[in-house]
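Analysis of the macromolecular model
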Amino acid sequence: MLPGERPAIRLSDVSKTYGAKGESTVRALNGVTLGFATGSFTAVMGPSGSGKSTLLHCASGLDRPTSGTVYLQDCDLATLDEAALTRLRRCRIGFIFQSFNLLPTLTVRQNVTLPLELAGRSIDAAAVRRLLGVLGLSDRMDHLPGQLSGGQQQRAAIARAVLTEPAVIFADEPTGALDGTAAREVLRLIQRTVREWGRTVVMVTHDPVAASYAQRVVFLANGEVADTMEAPTAAAVAAAMARLGGLPAGS
Ligand SMILES: Nc1ncnc2c1ncn2[C@@H]1O[C@H](COP(=O)(O)OP(=O)(O)O)[C@@H](O)[C@H]1O
Ligand SMILES: [Mg+2]
């Protein structure tokens, strides 16, 4: 993060231990301190088991750290009870999952507006149409997810994630289920949400090419921040991953 920038989200000395005290405990995160500037696009990488999912769950309020603090803008998540945390996730955090997680019985338009409905917020039908148009889904608004390609489903999930204008969007392997062309399209659209709409994105990925779309890569190893890289290229990311002992699949 550059000095003076207001972080959208900040982790301060965050640790997460799974399991009761004893032999079986796993320290999934160990003293992680990281800031994510408003309007930035960060990829999180690391070998399997390095703590990427745990980081994402703790940062997004899906799980609570064992120690340390997570601030969303100025809010310390530890001060919120479960109901308040659920409201915060609904209103101020967007999620994009590898498996899209669209509701199969709702149309694209209904899926996209669901978080606003759940939050009791008003829906601007023209804004929804415009957004779906930008994402190339104008003629798919009234289709069910099952009638869409993987790439189209993920673009609908992007629409759902950005419509609430969240403080942060967390994406967990958003291109993991897509072929190369659809993956590039989705990555370009995620990039656009940052560059044109000022959204903040934190994306977990195994793929150095996907990571190269971000402005910065944070590398985790054994639950700690092992390295960070600004203006990543796919080759530099792949080399850094190889040094961490987590060669990407197929290389
Ligand atoms: N619910 C859990 N209970 C026990 N151990 C867990 C749990 N979730 C993750 N772990 C362990 O924590 C470590 C980090 O896991 P995870 O955050 O899923 O890593 P990554 O997403 O980088 O593969 C791993 O050793 C994993 O086995
Ligand atoms: Mg994981």
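The structure contained in this document is the topic of the report that follows.

What counts and what doesn't
Residues numbered from 1 in each chain as written. Chains lettered and ligands numbered in written order. Predicted model: local features only at pLDDT ≥ 70, side-chain atom pairs only at ≥ 80, totals over all residues. Near = placed C-beta within 6 Å. Helix = DSSP H or I, 4+ residues; strand = E, 2+ residues; numbered from the N terminus. Pairing = 2+ DSSP bridges. Axes fitted to C-alpha atoms, helices over the stretch in contact; angles between N-to-C directions. Buried ≥ 20, exposed ≤ 12 C-beta atoms within 10 Å, placed from the backbone. Expected span 1.5 Å × (residues − 1). Arc of directions from axis to C-beta. Contact = placed C-beta atoms within 7 Å. Core = buried A, V, L, I, M, F, W, Y, C linked by C-beta atoms within 7 Å.

To continue, consider the site of ligand 1. By nearness alone, every residue bordering ligand 1 is listed as Tyr18, Gly19, Val26, Ala28, Gly46, Ser48, Gly49, Ser50, Gly51, Lys52, Ser53 and Thr54. Among the secondary structure elements, those contributing two or more residues to the shell around ligand 1 are strand S2 (26-37) and helix H1 (52-59). Take the shell around ligand 1: its biggest share by element is three residues, from H1.

Moving on, we get to the pairing of strand S9 (residues 216-221). Pairing between strand S3 (residues 41-45) and S9: four bridges, direction parallel. Note that in S9 the partner of Val44 across the bridge is Val218. Sheet topology places S9 next to strand S10 (residues 224-230); six bridges connect them, and they run antiparallel. Bridge assignment links Arg216 to a residue of S10, and that residue is Glu230. If you look at the hairpin formed by S9 and S10, you'll find two residues sitting between the two strands, and Asn222 has a positive phi there, around 50 degrees.

So, about the sheet that holds S3. The six strands are arranged S6-S7-S8-S3-S9-S10 in an open sheet whose pairing can be described as mixed. Each edge of the open sheet is held by one strand with a lone partner, namely strand S6 (93-97) and S10. Ignoring which end each strand starts from, the neighbouring axes of this sheet average 20 degrees apart. Pairing of strand S7 (residues 168-172) with strand S8 (residues 201-204), which is carried by four bridges, proceeds in the parallel orientation. Looking across to S8, one finds that Ile169 is bridged to Val201.

In terms of residue burial, helix H4 (residues 125-134) counts as a barely covered element, since only one of its 10 residues are buried. Downstream of H4 by one or two residues, Gly136 has phi in the positive range, about 75 degrees.

Let's shift gears to helix H6 (residues 180-195). If you check H6, its first and last C-alpha atoms are 22 Å apart, about what 16 residues at 1.5 Å a residue would give, namely 22 Å. Of all the positions in H6, only Ala183, Val186, Leu187, Ile190 and Thr193 are classed as buried. Down the axis of H6, the buried set is contained in an arc of 115 degrees. They therefore lie on one face. Summarising the geometry of H6, the exposed residues directed more than 90 degrees from the buried face are Gly180, Thr181, Arg188 and Arg195. As for H6, its buried residues are in contact with helix H5 (150-163), S7, S8 and helix H7 (208-211).

So, about the nonpolar core. Counting residues in hydrophobic clusters, the biggest one holds 63 residues, and the most contacted among them are Val44, Ala159, Val168, Met203 and Val217. In terms of residues, this core owes the most to one element, H5, which gives seven residues. Residues in contact with Val44, not counting those within four places in the same chain, are Lys52, Leu55, Val202, Met203, Val204, Val218 and Leu220.

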